[in-house]
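Examining the three-dimensional arrangement
Single-letter residue listing:
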Amino acid sequence: MPICTSCAQPTPYLYTVYSSAYNFRLEQCTACHAFADPYVEHDTLTLLLDLILLKRDVYRHLLYNRGLGARRAGDKTPTNEGGGLSTRPSQQRHSELARWWLIVKLGAALICVDAFIRWTHISSRQPGDTSEMATWNRAAMQGFLRILVGCFFETAAFHAGVMLACYTVLKALPSAQAPVSGIREQFRYSHIPLTLFYSSLTKLFLLFCLSVWRPDAAKTQTPQQRPHLDPNATSFTHPLVVHALELLDEDKLDREWVVRNVLGGMAAGFGLRVVLDCHPFFTTIIIIAGWLVKTAVANLVSGWVGTGLGVDDKAAGEMWLAYSIP
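Notes on the structure follow. All of these numbers come straight from a predicted model, not from anything done at the bench.

1. Some details on the overall build of the protein
Assigned secondary structure in the protein consists of 10 helices and five strands. Taking as baseline every contact in the protein between residues at least 6 positions apart, the subset at least 24 positions apart corresponds to 70%. A total accessible area of about 18,600 Å² is found for the protein, and carbon and sulfur atoms account for 62% of it.

2. Re helix 1 (residues 44-52)
Residues L47, D50, L51 and I52 constitute the buried set of helix 1. Among the structural elements, helix 2 (56-65) and helix 6 (191-212) are those in contact with the buried residues of helix 1. Count one or two residues on from helix 1 and you reach L54, which has phi positive near 60°.

3. Overview of the nonpolar core
Core analysis: the largest hydrophobic core is formed by 40 residues, its most contacted members being V162, Y198, L272, L276 and I286. Looking at this core, the elements with two or more residues in it are helix 1, helix 2, helix 3 (89-122), helix 4 (138-172), helix 6, helix 8 (255-276) and helix 9 (280-305). A total of nine residues in this core trace back to one element, the largest contributor, which is helix 6. Setting aside its immediate chain neighbours within four residues, L276 contacts C166, L170, R184, F187 and I286.

4. Observations concerning the packing of helix 8 against helix 9
The interhelical angle for the contact between helix 8 and helix 9, taken along N-to-C directions, is 130°, at an axis separation of 9 Å. What the angle tells us is that helix 8 and helix 9 run oblique. The handedness of the crossing between helix 8 and helix 9 comes out as right-handed. Contact residues: helix 8 offers N261, G265, A268, G269, L272, R273 and L276, while helix 9 offers P280, T283, I286, I287, W291 and K294.

5. Points about the sheet that holds strand 3 (residues 70-72)
Across the sheet, which stays open at both edges, the three strands sit in the order 2-1-3 with mixed pairing between neighbours. Pairing within the sheet leaves two strands with one partner each, and these edge strands are strand 2 (24-26) and strand 3. Ignoring which end each strand starts from, the neighbouring axes of this sheet average 25° apart. Where strand 1 (residues 15-17) and strand 2 come together, three bridges link them in antiparallel fashion. By the bridge assignment for strand 2, V17 is matched with F24.

Reading the values: the criteria
Residues numbered from 1 in each chain as written. Predicted model: local features only at pLDDT ≥ 70, side-chain atom pairs only at ≥ 80, totals over all residues. Heavy atoms only, no water. Helix = DSSP H or I, 4+ residues; strand = E, 2+ residues; numbered from the N terminus. Contact = heavy atoms within 4.5 Å. Areas by Shrake-Rupley, 256 points an atom, 1.4 Å probe, with all protein chains shown as cover. Buried < 20%, exposed > 50% of the residue type's maximum accessible area, 1.4 Å probe, protein only. Core = buried A, V, L, I, M, F, W, Y, C linked by side-chain atoms within 4.5 Å. Axes fitted to C-alpha atoms, helices over the stretch in contact; angles between N-to-C directions. Parallel < 35°, antiparallel > 145°, perpendicular 65-115°, else oblique. Left-handed = near helix turned anticlockwise from the far one by under 90°. Pairing = 2+ DSSP bridges.

Written out as structure tokens, the structure reads:
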């Protein structure tokens, strides 16, 4: 059953369709009196941008309301014998199967993107130089396939760790005496991997930008090639300020590591906070548990992944671990 994206109250329908699919009216939530789901009339690009920006309502729309809540003008809302809203078991099974199929398709696409990003980071023409991507050849293809398999096992391990931690936390939490929220009422464990994949769009988008526009290319410039500051420009001279700004230099700050682990962990925690409807402390514990399992698997596959990448096998394995371990 769909829910209101503002207050998470279950609602029988989200919009009413009249003469055509493009002629519809958004319905109001009976609890908060806001539009039940404004994202019904938004296009895919808007949904993608709001996912990258970590909007709470777009998570609720995609996880609970996508493809649901339509009502033809003149139709009555179906109810069960007790006066509540009816939900057919066959519809629930169909929705669950459709959700798992979406997880498979979305996961396959995102794992391929993640493998390409890691390949551009690890595989290069010279060890330690990531300013240029390696050319596509047979050896590079084999290295990419190894990275793809490694990404698959690492992603599966992270999701398994998070799923197990979520099951433990939900079982350990005391049962609420008050009526549960619509999120808890409609929650299924298939929402967890789907939430993690949606949350990974933020980090993968930024990592893809870093893999295409390499910021490390500026290191190869000689001092004569670097642009000079304007004579009237103001420079910082205080030692503390200078030291703090030096920490942001490209040779001291691994931007890809920060995006993947810090920003990626925050995005995953935010998504789990939405779908589990629990305290952020518990979602932090869940993410840490997933990281531990992922780290263990990354250690196991690092040696195999580093073989045949065109660089030293040990160095490639260490780069894989440095890129994988939080």
